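Chain by chain, the residues:
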Amino acid sequence: MQEAIALSLKSVNSGGGPFGAVIVKDGEIIAKAHNQVTSTNDPTAHAEIVAIRQACKVLNTFQLTGCQLYTSCEPCPMCLGAIYWARLDLVYYANTKFDAAQIGFDDQFIYKELDLSISDRQLPMSQLMRDEALVVFQEWANKTDKVEY
């Protein structure tokens, strides 16, 4: 956790958001990252996401079973989703989402939006070409040599 917090300070001192993350496997750090949203112009470059990408590259896998994440702040909804998809075993965090909200990083509106029906959300969404897209899903369902994830 000390390394994750140090990375969050490094990010602040280099113009980024105050977030850092470290992924550990078998007691060894295999990936570490700080927030890179503004430095890379990538809204998905949160510390946790960058660390997950690095760890997957190091381990040559898309699943991080057997790994733990140390993050300087409780993960946002996007990062939490990625953590579940990556199948990390455990998450340790320092600051809470309420601490983050106090300094302008408030994700509560996203949690509220997820509870609403699509038609009631602030972001307009409209379904198109479902029948055509279902053909591809059927191809996937019938594929015998697919890699499940």
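On a predicted model such as this, the values are computed, not experimentally measured, just so you know.

### Quick notes on the environment of P43
Along the chain, P43 turns up in the loop between α2 (37–40) and α3 (47–59). Judged by relative accessible area, which is 61%, P43 ranks as exposed. Once the C-alpha coordinates of P43 and L7 are considered, the two residues, 36 residues apart in sequence, prove to be 18 Å apart. Those residues in contact with P43 that sit more than four places away from it in its chain are V37 and M78.

### Side note on the pairing of strand β2 (residues 28–34)
Here strand β1 (residues 20–25) pairs with β2 via six bridges, running antiparallel. Directly across from I23, in β2, lies its bridge partner A31. Joining the antiparallel neighbours β1 and β2 is a turn of two residues, in which D26 adopts a positive phi near 55°.

### With respect to the packing of α3 against helix α4 (residues 77–86)
α4 packs onto α3 with a crossing angle of 25° between their chain directions and a minimal axis gap of 9 Å. Between α3 and α4, the angle is such that the two are roughly parallel. The interaxial crossing formed by α3 with α4 has left-handed handedness. Where α3 abuts α4, its residues E48, I49 and I52 lie against M78, C79, A82, I83 and A86. Classifying every residue of the contact of α3 with α4 gives seven nonpolar, no polar and one charged.

So, how was this worked out
- Residues numbered from 1 in each chain as written.
- Predicted model: local features only at pLDDT ≥ 70, side-chain atom pairs only at ≥ 80, totals over all residues.
- Heavy atoms only, no water.
- Helix = DSSP H or I, 4+ residues; strand = E, 2+ residues; numbered from the N terminus.
- Buried < 20%, exposed > 50% of the residue type's maximum accessible area, 1.4 Å probe, protein only.
- Contact = heavy atoms within 4.5 Å.
- Pairing = 2+ DSSP bridges.
- Axes fitted to C-alpha atoms, helices over the stretch in contact; angles between N-to-C directions.
- Parallel < 35°, antiparallel > 145°, perpendicular 65-115°, else oblique.
- Left-handed = near helix turned anticlockwise from the far one by under 90°.
- Nonpolar A, V, L, I, M, F, W, Y, C, P; charged D, E, K, R; others polar.

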